[in-house]
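Tertiary structure, described
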Amino acid sequence: MNFGYARCSTNESKQDIDRQVRELKAAGAEKVYLEYEHGDSAMKQVQQSMFALAQEGDTIITLEVSRLARSTKQLCEVIDLIKSKSLCLMIVGSITMDCRKGRADPMTEAFLQMAGVFGQLELAMIRARVRSGMANAKAKGKLIGRPQVTADTIPAIFYRHYPAYRSGQLNISEFARVCGVSRTTIYKYLSIVR
């Protein structure tokens, strides 16, 4: 069985994972697992489920090393799992580490680990640039983060349904649903208008 693994850092409303799915299917993936989790997250539940289902001789296909892991430690754990289960790992267009007939080729494993080191370095550089940019903006007097919510910036739909909530016709969950926001957001709005 050929398993495809696609991962994005944020949910489907913010990042489009369809390109990965198309390319994985074109590379021979019969079943594609989708995960919305940051690359250096210690717990990737979908990835763990995929590896739990993979049998000896199966192939794991992904587009980039950084889709599997953004830390060298986690990538080494994935490599050990591939070896222990006698799987084949295919990074489309670059590296294939085949452990289906025994051990991995040492040179291939080394290249895979080096790709992991560069993935971790890339993440560290991105984070450093973001921190630097935020510090620069803050030094120039710009507000960093989400804009502060005030009574004037609360959406009109909240005020439209607020009387029904106050009179007990809507509970907090219903209030959140009709406003199209989370309960946490409703609580935030309520703390402002009270």
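Think of each chain on its own: its residues are numbered from 1, step by step along the sequence as written. In view of the model being predicted, local features appear only for residues whose pLDDT reaches at least 70, and side-chain atom pairs are presented and counted only at 80 or more, with totals across whole chains, interfaces and linings using the full set of residues. Only heavy atoms go into the side-chain values, all of them from the structure, while hydrogens and water stay out.

1. Notes on the environment of His38
Let me state the cut-off plainly: Elements are defined by DSSP. Helices are runs of H or I of four residues or more, strands are runs of E of two residues or more, and each kind is numbered from the N terminus. Three exposure classes are used, based on accessible area relative to the maximum for each residue type with a 1.4 Å probe and protein chains only: buried under 20%, partly exposed in between, and exposed over 50%.
Among the structural elements, His38 can be located in the loop between β2 (31-36) and α2 (45-53). Overall, His38 belongs to the partly exposed group, its relative accessible area being 28%. Along the primary structure His38 and Gly102 are separated by 64 residues, whereas in three dimensions their C-alpha atoms are 32 Å apart.

2. With respect to the packing of helix α4 (residues 72-84) against helix α5 (residues 106-139)
Note the cut-off: Orientation is described by lines fitted to C-alpha atoms, with helices fitted over the stretch in contact, and by angles between N-to-C directions that extend from 0 to 180 degrees. Orientation categories follow fixed angle ranges, with anything under 35 degrees roughly parallel, anything over 145 roughly antiparallel, 65 to 115 roughly perpendicular, and all other angles oblique. Left-handed is the label given to a crossing in which the near helix is rotated counterclockwise from the far helix by less than a right angle, and right-handed is the label when the rotation is clockwise. We call two residues contacting when some pair of their heavy atoms lies within 4.5 Å. Only Asp, Glu, Lys and Arg are considered charged, only Ala, Val, Leu, Ile, Met, Phe, Trp, Tyr, Cys and Pro nonpolar, and every remaining residue, Gly among them, polar.
Remark: α4 packs on α5, axes separated minimally by 9 Å, with the N-to-C direction vectors making an angle of 150 degrees. In this view, α4 runs roughly antiparallel relative to α5, as classed from their interaxial angle. Crossing handedness for the pair α4 and α5: right-handed. Counted together, Thr72, Leu75, Cys76, Ile79 and Lys83 of α4 and Glu109, Leu112, Gln113, Gly116, Val117 and Gln120 of α5 form the full contact between these two elements. Tallied by class, the residues present in the contact of α4 with α5 amount to 5 nonpolar, 4 polar and 2 charged.

3. Things to note about the state of the cysteines
Rules: Here, a disulfide means two cysteine sulfur atoms that sit within 2.5 Å of each other.
Scanning the model with the defined rule gives 0 disulfides in all. No disulfide involves Cys76; its sulfur sits 13 Å from the nearest other cysteine sulfur, which is in Cys99. A relative accessible area of 27% places Cys76 in the partly exposed class. The thiol sulfur of Cys99 is not disulfide-bonded, and the nearest other cysteine sulfur, from Cys88, lies at 7.7 Å. Using a relative accessible area of 0% as the deciding quantity, one classes Cys99 as buried.

4. Observations concerning the pairing of strand β3 (residues 59-62)
What counts, and what does not: We treat two strands as partners when DSSP finds at least two bridges between them.
On β3, burial covers both faces: Thr59 and Ile61 on one face and Ile60 and Thr62 on the other are all buried. Both strand β1 (residues 2-8) and β3 contribute to a ladder of 3 bridges, which runs parallel. Considered in β3, the bridge of Phe3 is made with Ile60. Sheet topology note: the β3/strand β4 (residues 88-91) ladder contains 4 bridges and is parallel. Its bridge partner being in β4, Ile61 is matched across the sheet by Met90.

5. Examining the sheet that holds strand β5 (residues 95-98)
Picture the strands of a sheet paired through backbone hydrogen bonds; they go either parallel or antiparallel. The sheet built from 5 strands is open, its strands ordered β2-β1-β3-β4-β5 with mixed pairing. Looking at strand neighbours, the two that pair on one side only are β2 and β5, the edges of this open sheet. Going from strand to strand, the sheet's axes swing by 15 degrees on average, the running direction of each strand aside. Inspection of the sheet shows β4 paired to β5 by 4 bridges, in the antiparallel sense.

6. Remarks on a nonpolar patch on the surface
In plain terms, the rule: Patch definition: residues with relative accessible area over 30% and no salt bridge; like charges joined within 9 Å; nonpolar side chains (Val, Leu, Ile, Met, Phe, Trp, Tyr) joined within 5 Å. In short, Shrake-Rupley with a 1.4 Å probe defines the accessible areas, and a residue's cover is counted only from the protein chains shown. By definition here, a salt bridge exists when the distance from a side-chain nitrogen of Lys or Arg to a carboxyl oxygen of Asp or Glu is within 4 Å.
A surface patch of nonpolar side chains, amounting to about 640 Å² of accessible area, comprises Met107, Phe111, Met114, Phe118, Leu121 and Met125. Along the polypeptide, Met114 turns up in helix α5. Looking at Met114, the relative accessible area reads 43%, which means it is partly exposed.

7. A few points about the pattern of salt bridges
Considering all chains together, one arrives at 7 salt bridges under this definition. A salt bridge links Glu77 to Lys73; the shortest N-O distance between them is 2.9 Å. With Glu77 and Lys73 both in helix α4, this residue pair falls 4 residues apart, about one helical turn. On the accessibility criterion, Glu77 (43% relative accessible area) is partly exposed. Residue classification places Lys73 among the exposed residues on the basis of a relative accessible area of 60%. Across the pair Lys83 and Asp80 runs a salt bridge, and its minimum N-O distance is 4.0 Å. On the criterion of helical spacing, the pair formed by Lys83 and Asp80 is a turn pair, its members being 3 residues apart in helix α4. Residue Asp80 is classed as partly exposed on the basis of its relative accessible area, which comes to 45%. Where salt bridges share partners, they join Asp80, Lys83 and Glu109 into one cluster.

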